[in-house]
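As a plain string of letters, each chain reads:
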Amino acid sequence: MSHITQRSSTFSFPKICSIFWRFHHTSTSHCCSCSKTISNEKYQDPFQLGRKDLKNLYEDIKKELLVSAAELKEMCDYYFDGKGKAFRPMIVVLMARACNIHHNNSKEVQASQRSVAIIAEMIHTASLVHDDVIDDANSRRGKRTLNQIWGERKAVLAGDFILSAASVALARIGNTTIISVLTQVIEDLVRGEFLQLGSKENENERFAHYLEKTFKKTASLIANSCKAVSILGCPDPKVHEIAYQYGKNVGIAFQLIDDVLDFTSCADHLGKPTAADLKLGLATGPVLFACRQFPEMNAMIMRRFSKPGDVERARKYVLQSDGVQQTTYLAQRYCHAATREIRKLRPSPEREALVHLTEMVLMRDK
(Lines give C-alpha, C1' and ligand atoms only; values in the text may rest on other atoms or scores of the structure.)
Protein backbone atom coordinates (compact mmCIF):
# COMPACT_ATOMS: atom_id res chain seq x y z
CA MET A 1 0.00 0.00 0.00
CA SER A 2 2.77 2.42 0.80
CA HIS A 3 4.00 2.26 -2.79
CA ILE A 4 0.62 2.79 -4.44
CA THR A 5 1.45 6.21 -5.86
CA GLN A 6 4.69 5.03 -7.44
CA ARG A 7 2.90 2.17 -9.20
CA SER A 8 -0.08 4.26 -10.23
CA SER A 9 0.17 3.40 -13.91
CA THR A 10 -0.32 -0.32 -13.31
CA PHE A 11 -2.72 -0.24 -10.34
CA SER A 12 -6.15 0.00 -11.91
CA PHE A 13 -9.25 1.37 -10.19
CA PRO A 14 -11.19 -1.93 -10.37
CA LYS A 15 -8.25 -3.68 -8.71
CA ILE A 16 -8.19 -1.02 -5.97
CA CYS A 17 -11.94 -1.39 -5.45
CA SER A 18 -11.58 -5.16 -5.22
CA ILE A 19 -8.77 -4.95 -2.69
CA PHE A 20 -10.64 -2.64 -0.37
CA TRP A 21 -13.93 -4.46 -0.73
CA ARG A 22 -12.18 -7.68 0.34
CA PHE A 23 -10.39 -5.79 3.08
CA HIS A 24 -13.70 -4.55 4.49
CA HIS A 25 -15.41 -7.92 4.49
CA THR A 26 -12.53 -10.12 5.59
CA SER A 27 -10.60 -7.87 7.94
CA THR A 28 -13.19 -5.84 9.81
CA SER A 29 -11.54 -6.52 13.14
CA HIS A 30 -8.21 -5.34 11.73
CA CYS A 31 -9.64 -1.92 10.86
CA CYS A 32 -9.44 -0.88 14.49
CA SER A 33 -5.99 -2.29 15.16
CA CYS A 34 -4.59 1.21 15.63
CA SER A 35 -7.02 1.84 18.46
CA LYS A 36 -6.23 -1.46 20.12
CA THR A 37 -2.50 -0.85 19.89
CA ILE A 38 -2.74 2.62 21.35
CA SER A 39 -4.95 1.50 24.23
CA ASN A 40 -2.15 -0.84 25.34
CA GLU A 41 0.43 1.95 25.32
CA LYS A 42 0.79 4.99 27.53
CA TYR A 43 -1.39 7.65 25.91
CA GLN A 44 0.66 10.38 24.27
CA ASP A 45 -1.07 13.58 23.16
CA PRO A 46 0.79 14.78 20.04
CA PHE A 47 -0.20 18.41 20.57
CA GLN A 48 0.87 18.35 24.20
CA LEU A 49 4.25 16.81 23.35
CA GLY A 50 4.87 19.21 20.49
CA ARG A 51 3.77 22.34 22.34
CA LYS A 52 7.21 23.19 23.73
CA ASP A 53 8.87 23.17 20.33
CA LEU A 54 6.00 25.04 18.67
CA LYS A 55 5.90 27.86 21.23
CA ASN A 56 6.00 31.24 19.45
CA LEU A 57 5.76 29.44 16.08
CA TYR A 58 3.58 32.09 14.46
CA GLU A 59 5.59 34.96 15.95
CA ASP A 60 8.71 33.41 14.42
CA ILE A 61 6.95 33.05 11.07
CA LYS A 62 5.99 36.72 11.17
CA LYS A 63 9.65 37.59 11.77
CA GLU A 64 10.44 35.78 8.52
CA LEU A 65 7.80 37.92 6.81
CA LEU A 66 9.15 41.31 7.90
CA VAL A 67 7.97 43.82 5.34
CA SER A 68 7.53 47.58 5.41
CA ALA A 69 4.41 47.73 3.21
CA ALA A 70 1.49 47.84 5.64
CA GLU A 71 -1.03 46.18 3.31
CA LEU A 72 1.27 43.28 2.39
CA LYS A 73 2.10 42.76 6.07
CA GLU A 74 -1.59 42.64 6.93
CA MET A 75 -2.19 40.07 4.19
CA CYS A 76 0.73 37.89 5.30
CA ASP A 77 -0.40 38.01 8.92
CA TYR A 78 -3.99 37.12 8.05
CA TYR A 79 -3.66 33.33 8.21
CA PHE A 80 -0.74 33.31 10.66
CA ASP A 81 -3.03 34.42 13.48
CA GLY A 82 -2.11 31.64 15.93
CA LYS A 83 -5.56 30.08 15.76
CA GLY A 84 -4.60 27.13 13.58
CA LYS A 85 -3.69 23.72 14.97
CA ALA A 86 -0.26 23.79 13.31
CA PHE A 87 -0.82 20.17 12.28
CA ARG A 88 2.14 19.97 9.91
CA PRO A 89 4.72 21.67 12.14
CA MET A 90 3.60 19.44 15.00
CA ILE A 91 4.25 16.28 12.94
CA VAL A 92 7.65 17.65 11.93
CA VAL A 93 8.88 18.39 15.48
CA LEU A 94 7.58 15.04 16.76
CA MET A 95 9.38 13.25 13.93
CA ALA A 96 12.53 15.24 14.69
CA ARG A 97 12.47 14.15 18.32
CA ALA A 98 11.64 10.53 17.45
CA CYS A 99 14.57 10.33 15.00
CA ASN A 100 16.97 12.10 17.38
CA ILE A 101 16.08 9.68 20.17
CA HIS A 102 16.41 6.73 17.80
CA HIS A 103 19.89 7.87 16.72
CA ASN A 104 21.60 8.96 19.93
CA ASN A 105 18.87 9.32 22.56
CA SER A 106 18.90 13.11 22.17
CA LYS A 107 15.60 14.55 23.35
CA GLU A 108 16.09 18.07 22.01
CA VAL A 109 14.94 19.44 18.67
CA GLN A 110 17.77 21.12 16.76
CA ALA A 111 17.30 24.72 15.64
CA SER A 112 17.57 23.61 12.00
CA GLN A 113 14.86 20.98 12.55
CA ARG A 114 12.53 23.57 14.04
CA SER A 115 13.25 25.78 11.04
CA VAL A 116 11.95 22.98 8.81
CA ALA A 117 8.68 23.02 10.80
CA ILE A 118 8.38 26.78 10.26
CA ILE A 119 9.16 26.46 6.54
CA ALA A 120 6.61 23.66 6.15
CA GLU A 121 3.84 25.84 7.60
CA MET A 122 4.84 28.75 5.37
CA ILE A 123 4.85 26.62 2.21
CA HIS A 124 1.50 25.11 3.20
CA THR A 125 -0.10 28.51 3.81
CA ALA A 126 1.27 29.95 0.55
CA SER A 127 -0.25 26.98 -1.29
CA LEU A 128 -3.63 27.65 0.37
CA VAL A 129 -3.55 31.29 -0.75
CA HIS A 130 -2.81 30.24 -4.34
CA ASP A 131 -5.42 27.45 -4.25
CA ASP A 132 -8.09 29.90 -3.13
CA VAL A 133 -7.31 32.14 -6.08
CA ILE A 134 -7.42 29.24 -8.54
CA ASP A 135 -10.67 27.95 -7.03
CA ASP A 136 -12.20 31.42 -6.52
CA ALA A 137 -12.89 30.33 -2.93
CA ASN A 138 -14.64 32.72 -0.58
CA SER A 139 -13.93 31.11 2.81
CA ARG A 140 -11.04 29.33 4.51
CA ARG A 141 -10.71 28.30 8.16
CA GLY A 142 -14.04 29.95 8.91
CA LYS A 143 -13.00 33.37 7.57
CA ARG A 144 -13.01 35.18 4.25
CA THR A 145 -10.19 34.35 1.88
CA LEU A 146 -7.44 36.78 0.93
CA ASN A 147 -8.67 36.95 -2.65
CA GLN A 148 -12.15 37.95 -1.47
CA ILE A 149 -10.81 40.79 0.68
CA TRP A 150 -7.84 42.10 -1.31
CA GLY A 151 -8.52 40.72 -4.78
CA GLU A 152 -6.91 37.97 -6.82
CA ARG A 153 -3.81 39.87 -7.99
CA LYS A 154 -2.72 40.95 -4.52
CA ALA A 155 -3.53 37.49 -3.10
CA VAL A 156 -1.24 35.84 -5.68
CA LEU A 157 1.54 38.26 -4.79
CA ALA A 158 1.06 37.62 -1.05
CA GLY A 159 1.31 33.87 -1.66
CA ASP A 160 4.45 34.43 -3.72
CA PHE A 161 5.95 36.57 -0.97
CA ILE A 162 5.31 33.92 1.71
CA LEU A 163 6.88 31.30 -0.54
CA SER A 164 9.92 33.48 -1.18
CA ALA A 165 10.38 34.10 2.54
CA ALA A 166 10.20 30.34 3.12
CA SER A 167 12.90 29.88 0.47
CA VAL A 168 15.16 32.41 2.23
CA ALA A 169 14.65 30.58 5.54
CA LEU A 170 15.43 27.29 3.79
CA ALA A 171 18.67 28.66 2.33
CA ARG A 172 19.68 29.86 5.78
CA ILE A 173 19.76 26.25 7.02
CA GLY A 174 22.78 25.88 4.77
CA ASN A 175 22.36 22.21 3.91
CA THR A 176 22.11 21.45 0.19
CA THR A 177 20.45 18.07 0.78
CA ILE A 178 17.69 19.70 2.85
CA ILE A 179 17.24 22.39 0.20
CA SER A 180 16.85 19.68 -2.46
CA VAL A 181 14.34 17.71 -0.36
CA LEU A 182 12.11 20.70 0.44
CA THR A 183 12.22 22.32 -3.00
CA GLN A 184 10.80 19.01 -4.27
CA VAL A 185 7.68 19.94 -2.28
CA ILE A 186 7.23 23.15 -4.26
CA GLU A 187 7.62 21.29 -7.55
CA ASP A 188 5.11 18.67 -6.42
CA LEU A 189 2.59 21.35 -5.42
CA VAL A 190 2.69 22.85 -8.91
CA ARG A 191 2.53 19.45 -10.64
CA GLY A 192 -0.32 18.41 -8.34
CA GLU A 193 -2.30 21.50 -9.27
CA PHE A 194 -1.85 20.71 -12.96
CA LEU A 195 -3.02 17.14 -12.30
CA GLN A 196 -6.11 18.51 -10.56
CA LEU A 197 -6.88 20.74 -13.53
CA GLY A 198 -6.75 17.70 -15.82
CA SER A 199 -8.75 14.48 -15.90
CA LYS A 200 -8.61 10.96 -17.26
CA GLU A 201 -11.13 9.61 -19.76
CA ASN A 202 -10.17 6.03 -18.91
CA GLU A 203 -12.08 4.99 -15.79
CA ASN A 204 -9.29 2.60 -14.78
CA GLU A 205 -6.76 5.43 -14.72
CA ARG A 206 -8.84 7.92 -12.74
CA PHE A 207 -8.16 6.57 -9.29
CA ALA A 208 -4.41 6.39 -9.88
CA HIS A 209 -4.58 9.97 -11.19
CA TYR A 210 -6.48 11.01 -8.05
CA LEU A 211 -3.97 9.35 -5.71
CA GLU A 212 -1.02 10.88 -7.52
CA LYS A 213 -2.63 14.31 -7.29
CA THR A 214 -3.35 13.73 -3.59
CA PHE A 215 0.27 12.83 -2.93
CA LYS A 216 1.69 15.84 -4.76
CA LYS A 217 -0.75 18.42 -3.41
CA THR A 218 -0.97 17.23 0.21
CA ALA A 219 1.30 14.36 1.22
CA SER A 220 4.57 15.47 -0.37
CA LEU A 221 4.93 18.38 2.05
CA ILE A 222 4.51 16.14 5.10
CA ALA A 223 6.64 13.32 3.68
CA ASN A 224 9.56 15.51 2.64
CA SER A 225 9.45 17.66 5.79
CA CYS A 226 9.65 14.49 7.90
CA LYS A 227 12.50 13.24 5.72
CA ALA A 228 14.33 16.57 6.09
CA VAL A 229 14.34 16.53 9.90
CA SER A 230 15.37 12.87 9.91
CA ILE A 231 18.38 13.74 7.72
CA LEU A 232 19.33 16.54 10.10
CA GLY A 233 19.05 14.26 13.13
CA CYS A 234 20.28 10.86 11.95
CA PRO A 235 22.75 9.69 9.26
CA ASP A 236 20.98 6.37 8.58
CA PRO A 237 19.20 6.30 5.17
CA LYS A 238 16.81 3.65 6.51
CA VAL A 239 15.54 6.17 9.08
CA HIS A 240 15.13 8.77 6.34
CA GLU A 241 12.93 6.33 4.40
CA ILE A 242 10.88 5.51 7.52
CA ALA A 243 10.24 9.21 8.12
CA TYR A 244 9.33 9.77 4.47
CA GLN A 245 6.96 6.80 4.27
CA TYR A 246 5.26 7.75 7.53
CA GLY A 247 4.67 11.30 6.31
CA LYS A 248 3.50 10.15 2.90
CA ASN A 249 0.96 7.69 4.26
CA VAL A 250 -0.37 10.06 6.92
CA GLY A 251 -0.60 12.84 4.35
CA ILE A 252 -2.62 10.78 1.88
CA ALA A 253 -4.92 9.56 4.68
CA PHE A 254 -5.41 13.15 5.84
CA GLN A 255 -6.57 14.23 2.38
CA LEU A 256 -8.81 11.18 1.94
CA ILE A 257 -10.61 12.08 5.17
CA ASP A 258 -10.79 15.70 4.01
CA ASP A 259 -12.52 14.47 0.86
CA VAL A 260 -14.94 12.44 2.98
CA LEU A 261 -15.74 15.46 5.16
CA ASP A 262 -16.64 17.42 2.04
CA PHE A 263 -19.69 15.14 1.86
CA THR A 264 -20.43 14.49 5.53
CA SER A 265 -19.65 17.68 7.48
CA CYS A 266 -21.63 20.91 7.62
CA ALA A 267 -20.09 24.09 6.22
CA ASP A 268 -19.96 25.95 9.56
CA HIS A 269 -18.09 23.09 11.21
CA LEU A 270 -15.73 22.52 8.30
CA GLY A 271 -14.83 26.19 7.94
CA LYS A 272 -15.49 26.16 4.19
CA PRO A 273 -18.41 25.28 1.89
CA THR A 274 -19.34 21.60 1.55
CA ALA A 275 -19.50 19.83 -1.83
CA ALA A 276 -16.80 22.33 -2.79
CA ASP A 277 -14.89 19.77 -4.87
CA LEU A 278 -17.96 18.85 -6.93
CA LYS A 279 -18.61 22.52 -7.60
CA LEU A 280 -15.02 22.79 -8.85
CA GLY A 281 -15.60 19.81 -11.14
CA LEU A 282 -13.36 17.47 -9.12
CA ALA A 283 -13.99 13.75 -8.68
CA THR A 284 -12.52 12.70 -5.33
CA GLY A 285 -12.40 9.27 -3.65
CA PRO A 286 -16.06 9.11 -2.56
CA VAL A 287 -17.17 9.97 -6.11
CA LEU A 288 -14.86 7.46 -7.77
CA PHE A 289 -15.98 4.67 -5.45
CA ALA A 290 -19.63 5.65 -5.96
CA CYS A 291 -19.20 5.22 -9.72
CA ARG A 292 -18.96 1.49 -9.15
CA GLN A 293 -22.62 1.46 -8.04
CA PHE A 294 -23.82 4.35 -10.22
CA PRO A 295 -22.04 4.14 -13.61
CA GLU A 296 -24.10 7.09 -14.89
CA MET A 297 -21.79 9.29 -12.83
CA ASN A 298 -18.99 8.71 -15.34
CA ALA A 299 -20.59 11.10 -17.83
CA MET A 300 -20.89 13.75 -15.12
CA ILE A 301 -17.21 13.29 -14.21
CA MET A 302 -16.14 13.77 -17.82
CA ARG A 303 -18.07 17.05 -18.07
CA ARG A 304 -16.79 18.03 -14.60
CA PHE A 305 -20.33 18.31 -13.15
CA SER A 306 -20.95 21.33 -15.37
CA LYS A 307 -24.61 20.75 -16.30
CA PRO A 308 -27.38 22.17 -14.10
CA GLY A 309 -28.23 19.67 -11.37
CA ASP A 310 -25.01 17.64 -11.76
CA VAL A 311 -23.59 18.64 -8.38
CA GLU A 312 -26.79 17.82 -6.51
CA ARG A 313 -27.23 14.50 -8.32
CA ALA A 314 -23.62 13.48 -7.78
CA ARG A 315 -23.77 14.31 -4.08
CA LYS A 316 -26.96 12.27 -3.77
CA TYR A 317 -25.37 9.27 -5.52
CA VAL A 318 -22.30 9.44 -3.28
CA LEU A 319 -24.39 9.47 -0.11
CA GLN A 320 -26.52 6.59 -1.38
CA SER A 321 -23.44 4.53 -2.23
CA ASP A 322 -20.63 3.14 -0.10
CA GLY A 323 -18.25 5.76 -1.50
CA VAL A 324 -17.74 7.55 1.82
CA GLN A 325 -17.28 4.26 3.65
CA GLN A 326 -14.79 2.86 1.13
CA THR A 327 -12.75 6.08 1.11
CA THR A 328 -12.59 5.90 4.89
CA TYR A 329 -11.37 2.29 4.72
CA LEU A 330 -8.72 3.39 2.23
CA ALA A 331 -7.58 6.10 4.67
CA GLN A 332 -7.39 3.44 7.39
CA ARG A 333 -5.08 1.37 5.23
CA TYR A 334 -2.74 4.30 4.72
CA CYS A 335 -2.76 4.99 8.46
CA HIS A 336 -1.93 1.35 9.19
CA ALA A 337 1.00 1.64 6.77
CA ALA A 338 2.19 4.79 8.55
CA THR A 339 2.00 3.01 11.91
CA ARG A 340 4.02 0.06 10.61
CA GLU A 341 6.72 2.44 9.45
CA ILE A 342 7.06 4.53 12.61
CA ARG A 343 7.10 1.40 14.78
CA LYS A 344 10.51 0.61 13.25
CA LEU A 345 12.05 3.43 15.31
CA ARG A 346 13.24 3.00 18.89
CA PRO A 347 10.37 3.37 21.41
CA SER A 348 9.82 6.92 22.67
CA PRO A 349 6.91 9.13 23.75
CA GLU A 350 7.21 10.95 20.42
CA ARG A 351 7.00 7.71 18.48
CA GLU A 352 3.82 6.75 20.33
CA ALA A 353 2.41 10.22 19.73
CA LEU A 354 2.99 9.76 16.01
CA VAL A 355 1.20 6.42 16.21
CA HIS A 356 -1.71 8.08 17.99
CA LEU A 357 -1.73 10.82 15.39
CA THR A 358 -2.82 8.31 12.76
CA GLU A 359 -5.95 7.64 14.79
CA MET A 360 -6.58 11.37 15.18
CA VAL A 361 -6.42 11.76 11.41
CA LEU A 362 -9.13 9.12 10.99
CA MET A 363 -11.32 10.54 13.76
CA ARG A 364 -11.16 14.23 12.85
CA ASP A 365 -14.37 15.96 11.89
CA LYS A 366 -13.03 19.19 10.41
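Look up: the structure comes first, before these words.
Not measured: the values here are computed from a predicted model.

Some remarks on the packing of helix H6 (residues 87-104) against helix H12 (residues 237-264)
Reasoning step 1: Relative orientation of the contacting elements H6 and H12 amounts to 155°, with a least axis distance of 11 Å. Taken as axis vectors, H6 and H12 run roughly antiparallel relative to one another. For the pair H6 and H12, the sense of crossing is right-handed. Of the residues in H12, those touching H6 at Phe87, Arg88, Ile91, Met95, Cys99 and His102 are Val239, Ala243, Tyr246, Val250 and Phe254.
Reasoning step 2: Class assignment of the residues belonging to the contact of H6 with H12 gives a composition of 9 nonpolar, 1 polar and 1 charged.

Quick look at the pattern of salt bridges
Reasoning step 1: Counted according to the given criterion, the structure contains 20 salt bridges.
Reasoning step 2: Three or more residues joined by partner-sharing salt bridges are found here, namely Asp53, Arg97 and Glu350.

Some remarks on the packing of aromatic side chains
Reasoning step 1: Applying the stated criterion to the full structure yields 7 aromatic pairs.
Reasoning step 2: Joined through ring pairs, the aromatic side chains of Tyr78, Tyr79 and Trp150 make up one cluster.
Reasoning step 3: Over the ring of Tyr78 we find Lys143; its NZ or CZ atom is 4.1 Å from the centre of that ring.

Some remarks on the environment of Ile231
Reasoning step 1: Inspection of the secondary structure assignment puts Ile231 in helix H11 (residues 203-233).
Reasoning step 2: Residues Ile231 and Ile178, spaced 53 residues apart in sequence, show a C-alpha to C-alpha distance of 7.7 Å.
Reasoning step 3: Discounting chain neighbours no more than four positions away, the residues touching Ile231 are Thr177, Ile178, Val181 and His240.

A closer look at the environment of Gly323
Reasoning step 1: Here Gly323 is to be found in helix H18 (residues 323-342).
Reasoning step 2: A sequence separation of 31 residues divides Gly323 from Arg292, and the C-alpha atoms of the two residues are 8.8 Å apart.
Reasoning step 3: Once residues within four sequence positions are removed from consideration, Gly323 is found in contact with Pro286, Phe289, Ala290 and Val318.

So, unusual backbone geometry
Reasoning step 1: If you check the backbone angles, Asp136 has positive phi at about 55° while not being a glycine.
Reasoning step 2: Relative accessible area serves as the criterion here: at 49%, Asp136 is assigned to the partly exposed category.
Reasoning step 3: One non-glycine residue, Arg304, adopts positive backbone phi at about 55°.
Reasoning step 4: Mapping Arg304 onto the fold places it in the loop between helix H16 (297-302) and helix H17 (310-320).

About the cut-offs
Residues numbered from 1 in each chain as written. Predicted model: local features only at pLDDT ≥ 70, side-chain atom pairs only at ≥ 80, totals over all residues. Heavy atoms only, no water. Axes fitted to C-alpha atoms, helices over the stretch in contact; angles between N-to-C directions. Helix = DSSP H or I, 4+ residues; strand = E, 2+ residues; numbered from the N terminus. Parallel < 35°, antiparallel > 145°, perpendicular 65-115°, else oblique. Left-handed = near helix turned anticlockwise from the far one by under 90°. Contact = heavy atoms within 4.5 Å. Nonpolar A, V, L, I, M, F, W, Y, C, P; charged D, E, K, R; others polar. Salt bridge = Lys/Arg side-chain N within 4 Å of Asp/Glu carboxyl O. Phe/Tyr/Trp six-rings, centres within 6.5 Å; stacked < 30°, edge-to-face > 60°. Lys NZ or Arg CZ within 6 Å of the ring centre and 35° of its normal. Buried < 20%, exposed > 50% of the residue type's maximum accessible area, 1.4 Å probe, protein only.

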